[in-house]
Amino acid sequence: MLLNQFLGLAAILFCIGVYGVLTRRNGVMVLMSIELILNAVNINLVAFGAYQGDVGGQVFALFVIAVAAAEVGVGLAIVLLIYRNRRSIDVSEADLLQG
Amino acid sequence: MLLAAGASETFTPESWFFDNAWTIPALPCAAFILILLFGKRLPYKGAEIGIASVVTALGLAILTTGAWVGEYESHQGSHSAEAVTQDVELAQDTDSFEIAADAGEGGEGHVKAEPVVRKLDWLSSNGKSFGIGTLVDGQSVMMLLVVTFISTLVHVYSTDYVHGDRRFTHYFAFLSLFTSAMLFMVLSATTLQLIVGWELVGVCSFVLIGHWWEEKANSDAAMKAFLTNRVGDIGLLIGMTILFFAAGNTFDILDINDAAINGEIAHSTLTWASICLMAAVMSKSGQFILHTWLPDAMAGPTPVSALIHAATMVVAGVYMVGRLYPVFWDGMSIAGSSINLMALIGGITCVFGGALAFVQRDIKKVLAYSTVSQLGYMVMALGVGAWTAAMFHLFTHAFFKACLFLGAGSVSHACHHSFDMKADMGGLRKYMPTTHKTFLIASGALAGIPPLAGFWSKDEILAGTGGWPGTNGNGTYYIIFAMGMLTAAMTAAYMARTIWLTFYGDYRGHEEPHESGKRITVPLMILAFLAVVAGFFNMPSQWVGDGLGLKFEQWVEPAGTRLPGNFTHAKPSISLAIVASLLAVAAGAFVWNYYKKLYAKDPKATEYTDGLASRMPLAASAHKVLEEKYYLDHLYTDTIAAGTKGPLARAAYWFNQNILDGIVDGAGKGSVGLGRFIYKYIDQGTIDATVNQTAAGAGQSGGILRRVQSGKIRQYATLMFGAAAVLVAIFMAAV
């Protein structure tokens, strides 16, 4: 079975996602990158599930998709509020949490 | 039939109600809590909870009584059937009819119920366990019925009487607690419980007597009741402690009684214990010389007075003596004697209390002194060995005294809340026919006019003294008998005076009086009915036959082994009954005639202006002594209290200044020095320095670390992923 190929794809997707989160200043782009990370995880779950002949992996992936939808909903709402307050969605400007 | 000639056969009654008697006091107790919590928010301000609980308790008490009587009668029925066959066999065998006849006549052929005890271990310490439980026997069943019954009527009556009062809810809450406390005391299986119930009753009476505490007189009366009772309570505690050790470290009432009956406790010990307990009886049951709180307790609302005087509180003392009767029997040497302390106290109380009732203007005070007098009767009966007669008098007295008090309340309700017979009453029979009739019946019962309730119980007590020829009491108490006869005459006389001043003659108050409402008159009618019939429960068998007679004695009296071995019943005497009744009627008629003549002279007068007291100096001083209540209040406040408080206060002040203050000052100075040392070296030098160092260290490290907290999310994310990558690397290397 082509497990390693799937894992490699997932690893690439994950790295792209992490790169996006770390480098993009646009809030929406950060959220999209997080989606990439989550989907990398989904691929892993499905791949391992199929590899072991266990349907649990796919069920788990479905849950992750549902949670990701909720997360994007909240995330977009936050981005929208940041835009309303600052007229920009640059996340590097939102640094009010500094110590 | 040898068995019947000896000790009577006993049986153990069985019923759900005897095992679960605790529910009866628990109900009003729950009502107390519920009324306090939710009473004010309810449509009837909590009265409905009180009434519902007390009516349920009454229902349970009636069922318990029914079960008790039913158990007794069924065992008695099978026993007599057996006895008859045995008698017949015996008669045929030996031709000895006399033995069988004797056995029947003496009432020995009756079965006796054993008490039903249900006990739990409350706490145990050092191998001794203190139980708590219920003791159901004839005496407690009788009291359950009386207390719940009177309490129910008082609750209903109160809804009208204290209507619109500012502490209406509070009043009903404490009425419930009062009932509960008395029921708890009545059911107690141990003397410890008895003390708890006794004190609870005292506290509730304090609260209810002082219900209208805004007036100083009322709160003073409440204090007086409480403090006078405390004096006796010391006796109670000492007496119970003596009995605890004497009976072999037990609080159990039945064990103590058994020990006293079997002679396991020395006579002198029992004497000391019963003298101490007598002090408690004197304060709680208003015996001379500690009775002074009782008339003042009239400051409370009238239904409370009815409850205190008829069912709860004052009969507690009589009940306690009845409960521990073997102790008093031996301790006071009741059998075969002609005088003893308890009978003497009772006798003096009933005569002196009765005399005081003659000079009162206040209708409730007349009744209060009458209660003192009647309680004296009960204690006297116990003192001469007439246990059953005392309990029976307690039973009948509850009904007619409650009726009289509620009647007095109804009268005062009509006369604009005055209790003054001379100034505000007179001629009320035209305006208040129901109150008048019930009051008349209850007074007749109190005076012992046959065939009303008081006649039967009073007659039994007089016979019980053994002072009349042919009565064969437990002793021959001639002096006590004379006191009893005198009181019987006096009771009729002062009640005739009260009735005349209240209901006859012309109305002396202002504004038109009116009859009270249904919630007041219906309880009065019920009580008047019982004042007529309650006496029929214990008519002598010799007069009415075995089927009807002495039912109360058979149901209430404890089993033979629970009473002293030489305890006997006096024989009733028809001649005594006739003489005592005639005496009462004559005394009543004499007073009635006195007032009738006075009325003919001047319709508004309440006393002769040229009477005996104004013509004879001796009579005048006697009247003065009575009006001043034998100067007992003066003795207590001016002599005893004032005499002790001056020197005592000075001594206490000196002790306070020189010894206590010296100790306190020294201790104060020492602690100041110690405090200074601790502040300087330990607090400032060690503890504060450590704390300061810690804080400074935390501040410095915080200053360094704050630079990491840039607030930039991407920087945090970078750190997080970097750290995760490092962790993964370590993990890979490890695997």
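Residues numbered from 1 in each chain as written. Chains lettered and ligands numbered in written order. Predicted model: local features only at pLDDT ≥ 70, side-chain atom pairs only at ≥ 80, totals over all residues.

Asker: Explain the overall build of chain B to me, using residue names and the numbers behind them.
Answerer: Helix and strand content of chain B: 30 helices and four strands. The long-range fraction of contacts in chain B, counting pairs at least 24 apart against all pairs at least 6 apart in sequence, stands at 79%. (Helix = DSSP H or I, 4+ residues; strand = E, 2+ residues; numbered from the N terminus. Contact = placed C-beta atoms within 7 Å.)

Asker: Kindly report on the overall build of chain A, identifying the contributing residues and their values.
Answerer: If you tally the helices and strands in chain A, you get three helices and zero strands. Element order for chain A, N to C, with α for helix and β for strand: α-α-α. Here chain A has a C-alpha radius of gyration of 16 Å; the compact-globule value for 99 residues is 13 Å, and the former is much larger. Oriented by its inertia axes, the alpha-carbon framework of chain A measures out at about 50 × 25 × 25 Å. Buried residues in chain A amount to 17% of all 99 residues. Of the contacts formed within chain A by residues at least 6 apart in sequence, a portion of 46% connects residues at least 24 apart. (Rg over C-alpha atoms; globule rule 2.2 N^0.38 Å. Buried ≥ 20, exposed ≤ 12 C-beta atoms within 10 Å, placed from the backbone.)

Asker: Would you mind going over helix α22 (residues 478-503) of chain B in detail, with residue names and values included?
Answerer: All names here are of chain B. In this model, α22 (26 residues) spans 37 Å end to end at C-alpha, consistent with the 38 Å of a helix rising 1.5 Å per residue. Most of α22 sits out of view: 21 of its 26 residues are buried. Phi turns positive one or two residues past the end of α22, at Gly505, with a value near 75°. (Expected span 1.5 Å × (residues − 1).)

Asker: Which residues make up the packing of helix α9 (residues 216-246) of chain B against helix α11 (residues 267-284) of chain B, and what are the values?
Answerer: Residues and elements named next belong to chain B. The N-to-C vectors of α9 and α11 enclose an angle of 155°; their axes lie 7 Å apart at closest approach. Between α9 and α11, the crossing angle belongs to the class labelled roughly antiparallel. Read as a crossing pair, α9 and α11 show a hand that is left-handed. Each of Thr228, Asn229, Val231, Gly232, Asp233, Gly235, Leu236, Ile238, Gly239, Ile242, Leu243 and Ala246 in α9 lies in contact with α11, whose residues at this interface are Thr269, Trp272, Ala273, Cys276, Leu277, Ala279, Ala280, Met282, Ser283 and Lys284. Taken together, the residues of the contact of α9 with α11 sort by class into 13 nonpolar, seven polar and two charged. (Axes fitted to C-alpha atoms, helices over the stretch in contact; angles between N-to-C directions. Parallel < 35°, antiparallel > 145°, perpendicular 65-115°, else oblique. Left-handed = near helix turned anticlockwise from the far one by under 90°. Nonpolar A, V, L, I, M, F, W, Y, C, P; charged D, E, K, R; others polar.)

Asker: Which residues make up the pairing of strand β4 (residues 128-136) of chain B, and what values go with them?
Answerer: Residues and elements named next belong to chain B. By the bridge criterion, nine bridges tie strand β3 (residues 116-125) to β4 in an arrangement that is antiparallel. Pairing of Leu120 across the sheet is with Ile132, part of β4. The loop that links β3 with its antiparallel partner β4 comprises two residues; one of these, Asn126, has a positive phi angle of about 55°. (Pairing = 2+ DSSP bridges.)

Asker: I'd like a rundown of the packing of helix α6 (residues 138-161) of chain B against helix α23 (residues 518-533) of chain B, residues and numbers included.
Answerer: All names here are of chain B. Look at α6 against α23: their axes get within 8 Å of each other, and the N-to-C directions meet at 155°. The angle between α6 and α23 places the two elements in the roughly antiparallel class. The two elements α6 and α23 meet at a crossing, and its hand is left-handed. Judged by residue contacts, Leu153, Val156, Tyr157, Thr159, Asp160 and Tyr161 of α6 engage Arg519, Ile520, Pro523, Ile526 and Leu527 from α23. For the contact of α6 with α23, a count of residues per class yields eight nonpolar, one polar and two charged.

Asker: Would you mind going over the interface of chain B and chain A in detail, with residue names and values included?
Answerer: Facing ten residues of chain B, the contacting portion of chain A comprises ten residues. Residues that form the side of chain B that touches chain A fall into these classes: three nonpolar, four polar and three charged.

Asker: Please set out the confidence of the model for chain B residue by residue, giving values where relevant.
Answerer: Residues and elements named next belong to chain B. Of the residues in chain B, 90% reach a pLDDT of 70 or more, and the chain-wide mean stands at 81. The element-level mean pLDDT for chain B is lowest in helix α1 (residues 2-5), coming to 36, with helix α14 (residues 315-323) highest at 89. Predicted confidence is poor over residues 1-7, with pLDDT under 50, and the contacts of this stretch with residues over four places away or in other chains come to 16 contacts. Counted against residues more than four places away or in other chains, residues 93-107, with its pLDDT under 50, gives 18 contacts. Our summary of model confidence lists the complex with pTM equal to 0.71 and ipTM equal to 0.80. (pLDDT = per-residue confidence, 0-100.)

Asker: Account for the domain arrangement of chain B, with residues named and values stated.
Answerer: Looking at the assigned domains, one finds that chain B contains domain 1 (395-561 + 568-607) and domain 2 (704-735). Summarising the inter-unit geometry, the C-alpha centres of domain 1 of chain B and domain 2 of chain B are found 101 Å apart. (Domains from an automatic or database assignment.)

Asker: So, the environment of Leu97 of chain A: which residues are in play, and what are the values?
Answerer: Relative to the helices and strands, Leu97 of chain A resides in the segment after α3 (56-86). Sequence spacing of Leu97 of chain A and Leu13 of chain A is 84 residues, and the spatial spacing of their C-alpha atoms is 30 Å.

Asker: Give a detailed account of the environment of Thr159 of chain B, specifying residues and quantitative values.
Answerer: All names here are of chain B. With respect to the element layout, Thr159 can be found in helix α6. Taking the number of C-beta atoms within 10 Å as the measure of exposure, Thr159 has 20 and is therefore buried. Residues Thr159 and Gly467, spaced 308 residues apart in sequence, show a C-alpha to C-alpha distance of 47 Å. With near-sequence residues (within four places) excluded, Thr159 lies in contact with Ala47 and Arg519.

Asker: Describe the nonpolar core, listing the residues and the values that go with them.
Answerer: Ranked by internal contacts, the top residues of the largest apolar core, which has 207 residues, are Ile150, Ala402, Cys403, Ala442, Leu527 and Ala531 of chain B. In terms of residues, this core owes the most to one element, helix α18 (residues 387-414) of chain B, which gives 18 residues. In this view, Leu527 of chain B contacts Leu153, Phe399, Ala402, Cys403, Leu406, Thr438 and Ala442 of chain B; residues no more than four positions away in its chain are not counted. If you look at the next biggest cluster of nonpolar residues, it comprises nine residues, including Ala10, Val18, Val21 and Leu38 of chain A. (Core = buried A, V, L, I, M, F, W, Y, C linked by C-beta atoms within 7 Å.)

Asker: Now, about the environment of Val522 of chain B: what can you tell me, with residues and values included?
Answerer: Tracing the sequence through the fold places Val522 of chain B in helix α23. For the pair formed by Val522 of chain B and Trp387 of chain B, sequence separation is 135 residues and the distance between their alpha carbons is 33 Å.

Asker: Go over unusual backbone geometry with me, naming the residues and quoting the values.
Answerer: Residue and element names in this part refer to chain B. Note that the residue after Pro450, namely Pro451, is joined by a cis bond; omega there is 5°. Secondary-structure assignment places Pro451 in the loop between α20 (433-447) and α21 (453-464). We note that Asn249 has phi near 55°; this positive angle belongs to a residue other than glycine. By the secondary structure assignment, Asn249 is in the loop between α9 and α10 (253-261). Even without being glycine, Ser333 reaches a positive phi, approximately 50°. Position of Ser333 relative to the elements: it lies in the loop between α15 (325-331) and α16 (341-356).

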